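# Fold and contact review
Residues per chain are reported as follows:
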Amino acid sequence: MKWLNNILFFACGFIAIWEQTKPQPNKFIMIICMTVFGIGLYRLMKKIPSKEEQNNEE
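Here goes a summary of the coordinates provided. All figures in this text were calculated on a predicted structure; none of them were measured in a lab.

### A word on the packing of helix α1 (residues 2-20) against helix α2 (residues 27-46)
Contact geometry for α1 and α2: axes closest at 8 Å, N-to-C directions at 140°. Accordingly, the angle class assigned to the pair α1 and α2 is oblique. In the packing of α1 onto α2, the handedness of the crossing is left-handed. On the side of α1, the interface is formed by Asn 5, Leu 8, Phe 9, Cys 12, Gly 13, Ile 15, Ala 16, Glu 19 and Gln 20, while α2 contributes Ile 29, Met 30, Cys 33, Met 34, Val 36, Phe 37, Gly 40, Leu 41 and Arg 43. Broken down by class, the residue content of the contact of α1 with α2 amounts to 12 nonpolar, four polar and two charged.

Take a look at the structure:
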């Protein structure tokens, strides 16, 4: 399941960039891709600990 999320994450990023190069990009495709890309980025960043947690432990 993790590999499927990563493929979907990178595919939506690629599709959003590719759609942006068109003279008339489809706004619905852009919104969907950016939403999925944002959710994927959130899931990725959720795994990385913050500096504040490290400072509190010491």
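### Description of the packing of aromatic side chains
Counted according to the given criterion, the structure contains two aromatic pairs. Ring geometry for Phe 9 against Phe 37: centres 4.8 Å apart, planes inclined by 10°, an arrangement best described as stacked. You can see Phe 9 sitting in helix α1 and its partner Phe 37 sitting in helix α2, a full 28 residues away along the chain. Given the relative accessible area of 9%, Phe 9 is considered buried. An aromatic cluster is defined as three or more aromatic residues linked by ring pairs; in this entry it consists of Phe 9, Phe 10 and Phe 37. Here Lys 22 stacks its cationic end above the ring of Trp 18, 4.5 Å away from the centre of that ring.

### Focus on the side chain of Glu 19
With respect to the helices, strands and loops of the structure, Glu 19 is situated in helix α1. Within polar-contact distance, the side chain of Glu 19 engages the backbone nitrogen of Asn 26 at 2.8 Å. Sequence-distant contacts of Glu 19, defined by excluding residues within four places in its chain, comprise Pro 25, Asn 26, Ile 29 and Met 30.

Scoring rules and cut-offs
- Residues numbered from 1 in each chain as written.
- Predicted model: local features only at pLDDT ≥ 70, side-chain atom pairs only at ≥ 80, totals over all residues.
- Heavy atoms only, no water.
- Axes fitted to C-alpha atoms, helices over the stretch in contact; angles between N-to-C directions.
- Helix = DSSP H or I, 4+ residues; strand = E, 2+ residues; numbered from the N terminus.
- Parallel < 35°, antiparallel > 145°, perpendicular 65-115°, else oblique.
- Left-handed = near helix turned anticlockwise from the far one by under 90°.
- Contact = heavy atoms within 4.5 Å.
- Nonpolar A, V, L, I, M, F, W, Y, C, P; charged D, E, K, R; others polar.
- Phe/Tyr/Trp six-rings, centres within 6.5 Å; stacked < 30°, edge-to-face > 60°.
- Buried < 20%, exposed > 50% of the residue type's maximum accessible area, 1.4 Å probe, protein only.
- Lys NZ or Arg CZ within 6 Å of the ring centre and 35° of its normal.
- Polar contact = N/O pair within 3.5 Å; in protein donor to acceptor, adjacent residues only side chain to side chain.

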